[in-house]
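One-letter residues, chain by chain:
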Amino acid sequence: MAGRPSIPTNSSALIAIIADEDTVTGFLLAGVGNVDIRKKTNYLIVDNKTTVKQIEDAFKEFTAREDIAIVLISQYVANMIRFLVDSYNKPVPAILEIPSKDHPYDPAHDSVLSRVKYLFSSESVASDRR
């Protein structure tokens, strides 16, 4: 398809993660972690010392990298940079908000879920008019 963004196939695409230490550690143990030649990682551990600027920079870096297909971000962290998450509109890398151990998932704040609800509500309205 013309104009459709593609995931690089010459090497495997990565999953990036921005979350608390326990969540990142779980994903690293599952094999998600990567460190490239420039010592750049595909994860950011967010704790009480992490600034919003550091989170913003990591989000911008991960969404700009061509080797990342999915960015997992804890929902409470996404709420800190909600304006960036909500304004991101590219299909690749996909942004998925996940719960963390100390902060339960709230579907009302999930930007992807709200876009899907909007899409289906507008489709149902359009189909009723036919």
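The notes below deal with the structure included here. The structure displayed is predicted, hence computed values, not measured ones. The residue numbers shown here count from 1 along each chain, following its written sequence. The predicted origin of the model limits local features to residues at a pLDDT of at least 70 and limits the giving and counting of side-chain atom pairs to 80 or more, whereas totals for whole chains, interfaces and linings rest on all residues. Excluding hydrogens and water, the side-chain values take into account all heavy atoms of the structure.

**Points about helix H2 (residues 52–64)**
And step 1. Counting from the N terminus, the helices are the DSSP runs of H or I reaching at least four residues and the strands are the DSSP runs of E reaching at least two. The length a helix should cover is 1.5 Å for every residue beyond the first. Between its first and last C-alpha atoms H2 spans 18 Å; for 13 residues at 1.5 Å apiece the expected length is 18 Å, and the two agree.
And step 2. For H2, the full list of buried residues reads Ile55, Glu56, Ala58, Phe59, Phe62 and Thr63. Looking straight down H2, one finds its buried side chains confined to an arc of 165°; they lie on one side. Pointing more than 90 degrees away from the buried face of H2 are the exposed residues Lys53 and Ala64.
And step 3. Taken together, the buried residues of H2 touch strand S1 (14–19), strand S2 (43–45), strand S3 (68–74), helix H3 (75–80), helix H4 (82–87) and strand S4 (94–98). Here the term buried applies to any residue with accessible area under 20% of the maximum for its type, exposed to any over 50%, and partly exposed to those in between, with areas from a 1.4 Å probe on protein chains only. In this context, the arc is that of the directions from the helix axis out to the C-beta atoms. Every residue pair with non-hydrogen atoms within 4.5 Å of one another is taken to be in contact.

**Observations concerning the side chain of Thr23**
And step 1. Along the chain, the position of Thr23 falls in helix H1 (residues 21–29).
And step 2. Of the residues examined, Thr23 reaches a relative accessible area of 13% and is grouped as buried.
And step 3. Under this definition, polar contacts are N or O atom pairs within 3.5 Å; protein pairs additionally need one hydrogen-donor-capable and one acceptor-capable atom, and for neighbouring residues in sequence, both atoms have to be side-chain atoms. At a separation of 2.8 Å, a polar atom in the side chain of Thr23 contacts the side chain of Asp20.
And step 4. Aside from chain neighbours lying at most four places away, what touches Thr23 is Ile17, Ser74, Ile98 and Ser100.

**Examining a nonpolar patch on the surface**
And step 1. The patches reported here contain residues having more than 30% relative accessible area and no salt bridge. Joining distances are 9 Å for like charges and 5 Å for nonpolar side chains (Val, Leu, Ile, Met, Phe, Trp, Tyr). Only the protein chains shown count as cover for residues, with accessible areas throughout obtained via the Shrake-Rupley method and a probe of 1.4 Å. By definition here, a salt bridge exists when the distance from a side-chain nitrogen of Lys or Arg to a carboxyl oxygen of Asp or Glu is within 4 Å. Taken together, Leu96, Val112, Val116 and Phe120 make up a surface patch of nonpolar side chains, about 310 Å² in accessible area.
And step 2. Ranked by residue count, the leading element in the nonpolar patch is helix H5 (residues 111–128), at three residues.
And step 3. Within the secondary structure, Val112 is located in helix H5.
And step 4. Assessed through its relative accessible area of 33%, Val112 is described here as partly exposed.

**Some points on the sheet that holds S2**
And step 1. The four strands are arranged S2-S1-S3-S4 in an open sheet whose pairing can be described as parallel. This sheet does not close on itself; its edge strands, each paired only once, are S2 and S4. Neighbour to neighbour, the strand axes of the sheet diverge by 20° on average, direction disregarded.
And step 2. Fitting a line to C-alpha atoms yields each axis, with helices limited to the stretch in contact; the angle taken between N-to-C directions then spans 0 to 180 degrees. Across the sheet, H1 lies against S1, S2, S3 and S4, angled at about 160° from S1, the strand it touches most.
And step 3. Those strands touched by H2 are S1, S2, S3 and S4, and its axis lies near 170° from that of S1. By definition, two strands form a pair when at least two bridges between them are found by DSSP.

**Describing the environment of Ile98**
And step 1. When you line up the elements, Ile98 lands in strand S4.
And step 2. Judged by its relative accessible area of 14%, Ile98 is buried.
And step 3. The sequence separation of Ile98 and Ala19 amounts to 79 residues, and the corresponding C-alpha distance is 8.8 Å.
And step 4. In this view, Ile98 contacts Ile17, Thr23, Phe27, Leu72, Ile73, Ser74 and Gln75; residues no more than four positions away in its chain are not counted.

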